[in-house]
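# Analysis of the macromolecular model
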Amino acid sequence: MAKSKFEYVRNFETDDTCLRNCYIVVRLDGRNFHKFAEQHEFTKPNDNRALGLMSRSARSVMEELEDIVIAYGQSDEFSFVFKRTSTWFKRRASKLMTHVASQFSSSYVFYWKEFFGEQPLLYPPGFDGRVVLYPSNHNLRDYLSWRQADCHINNLYNTVFWTLVQKGGLTTAQAEDRLKGTLAADKNEILFSEFDINYNTEPALHRKGTTLIWEKRDETVLKRMKLPNEEEKDVAVTRSRRRVQAHHCDIIGEQFWEEHPDVLEDDN
Ligand code: DGT
Ligand code: MG
Ligand code: MG
Ligand code: MG
Ligand code: MG
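Now for a look at the structure at hand. Here the residue numbers are simple positions, counted from 1 along each chain's written sequence. Written order decides the labels, with chains lettered from A and ligands numbered from 1. Selection of residues for local features in this predicted model requires a pLDDT of at least 70, selection of side-chain atom pairs for listing and counting requires 80 or more, and totals for whole chains, interfaces and linings are taken over all residues. Side-chain metrics in this entry use all non-hydrogen atoms of the structure; hydrogen atoms and water are not considered.

### A few points about the site of ligand 1
Just so we agree on the cut-off: Here a residue counts as near a molecule or strand whenever at least one of its heavy atoms sits within 4 Å of it. All accessibility values rest on the Shrake-Rupley procedure with a 1.4 Å probe; residue burial counts only the protein chains present in the view. We count a stretch as a helix when DSSP gives it H or I for four or more residues in a row; a strand needs E for two or more, and each element gets its number in order from the N terminus. In this count, Pro and Cys sit with the nonpolar residues alongside Ala, Val, Leu, Ile, Met, Phe, Trp and Tyr, while Asp, Glu, Lys and Arg are called charged and the others, Gly among them, polar.
In the vicinity of ligand 1, 15 residues are found, and the nearest of them are Asp29, Asn32, Phe33, His34 and Asp47. Here ligand 1 has 630 Å² of accessible area as a free molecule, and 65% of this is covered by the chains. The element best represented in the shell around ligand 1 is helix H1 (residues 33-39), accounting for three residues. Tallied by class, the residues present in the shell around ligand 1 amount to four nonpolar, six polar and five charged.

Have a look at this one:
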């Protein structure tokens, strides 16, 4: 086919192929969610509707896009990990990232009502995205540990902060002052001795965030069948189905990875 004289502009596209054998992580983060949370009256410090909607949207990303083996989310962010052998979209970073971001954003709007009911969505939310490559299981696990440690640090701070305000009657400025220079142990102690709250029994969803992985489940459904020389009847049919499963557990230690050895491919 003859090429037009304009064809050369194609060569201005730069190559953004992700290095082979690396996990490709796409992390999304809500744009200006400080304001979005205020305007939509998210409960403080954690809004279960908002967290549920984030997870629902992340599940849609995993179900609609190929090769995502695990996703981890907390607050207004979600990280998606593509398997290291993925060849989806020729490993082009911009394609992977924009597909994740747009599928997530449209799902967030699409499923809004399931979580917020009649409360209206006041304006279209946006999410930024970035791509990071990790060459080893060790690096990838450190990445996920970093995000979960961030969840823990922020949630502990926010839990004490809002307890001091909501139950202790402090102003936000006073609560901030009170927490200046405190360590994790001090924060736990304030919760326990002043408010009778054991941080370790606070909801795991808030303390650990949400990890989504694929799991095989046996599912039994009744199927109407007509066998030769028999009346039509319901027969139980069991099938093994892959489903996205949510966990709110520690992913820094070994246990989670020992219990789910199929998530990561071996390092060799
Ligand atoms: P950015 O990401 O630079 O565009 O700006 P932000 O405002 O999204 O900042 P970021 O991502 O560092 O922090 C997340 C914000 O979202 C933070 O201000 C608190 C808010 N947020 C997230 N989840 C909840 C929630 O469950 N409840 C409430 N009240 N706020 C939340
Ligand atoms: Mg940010
Ligand atoms: Mg944000
Ligand atoms: Mg954030
Ligand atoms: Mg197209």
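### Quick notes on the pattern of salt bridges
Test applied: One speaks of a salt bridge when a side-chain nitrogen belonging to Lys or Arg is within 4 Å of a carboxyl oxygen belonging to Asp or Glu. For each residue, the accessible area found with a 1.4 Å probe, counting protein chains only, is set against the maximum for its type, and the residue is called buried under 20%, exposed over 50%, and partly exposed in between.
Per the stated rule, a full pass over the model turns up 19 salt bridges. For Lys44, the salt bridge identified is with Glu38, shortest N-O distance 3.4 Å. On the basis of relative accessibility, which here comes to 37%, the residue Lys44 falls in the partly exposed class. Ionic pairing is found between Glu230 and Lys233, a salt bridge with its closest N-O pair at 3.1 Å. Beyond isolated ion pairs, a larger network of salt bridges with shared partners links Glu13, Asp16 and Arg92.

### A word on the packing of helix H2 (residues 48-64) against helix H3 (residues 93-110)
Put simply, the test is: Note on geometry: axes are lines fitted to C-alpha atoms, helical ones only across the stretch in contact, with angles between N-to-C directions running from 0 to 180 degrees. Convention used here: angles under 35 degrees read as roughly parallel, angles over 145 as roughly antiparallel, angles from 65 to 115 as roughly perpendicular, and any remaining angle as oblique. Note: crossing handedness is left-handed where the near helix turns anticlockwise from the far helix by less than a right angle, and right-handed where it turns clockwise. Any pair of residues with heavy atoms lying within 4.5 Å of one another is described as a contacting pair.
Running from amino to carboxyl end, H2 crosses H3 at an angle of 135°, the nearest separation of the two axes being 8 Å. Comparing their axes, H3 and H2 come out oblique. The element H2 and its partner H3 pack so that their crossing is right-handed. Residues Leu53, Met54, Ser57, Ala58, Ser60, Val61 and Glu64 of H2 pack against Val100, Gln103, Phe104, Ser107 and Tyr108 of H3. In the contact of H2 with H3, the residues fall into seven nonpolar, four polar and one charged.

### Details of the coordination of the magnesium ion (ligand 3)
Filter applied, for reference: Think of the donor list as every N, O and S atom within 2.8 Å of the metal, or within 3.2 Å for Na, K and Ca; water never makes the list, so a site can look incomplete.
Donor atoms from the polypeptide that bind the magnesium ion (ligand 3) are Asp29 (OD), Gly30 (O) and Asp76 (OD), placed at 2.0 to 2.2 Å. Between the two metals, the magnesium ion (ligand 3) and the magnesium ion (ligand 2), the spacing is 4.4 Å. With Gly30 in strand E1 (residues 23-30) and Asp76 in the loop between strand E2 (68-74) and strand E3 (77-82), this pair connects stretches of sequence that are 46 residues apart. Judged by its relative accessible area of 6%, Gly30 falls in the buried class. Using a relative accessible area of 14% as the deciding quantity, one classes Asp76 as buried.

### Quick notes on the sheet that holds E2
Applicable threshold: For two strands to count as paired, DSSP must find a minimum of two bridges between them.
On the basis of which strands lie adjacent, the open sheet formed by six strands has the order E4-E1-E3-E2-E5-E6 and antiparallel pairing. The open sheet has two edge strands, strand E4 (127-134) and strand E6 (232-247), and neither has a second partner. Going across the sheet, the axis of each strand differs from the next one's by a mean of 25°, ignoring polarity. Both E2 and strand E5 (residues 210-226) contribute to a ladder of four bridges, which runs antiparallel. Paired with Tyr72 across the strands is Thr211, a residue of E5.

Read these as geometric descriptors, not functional statements.
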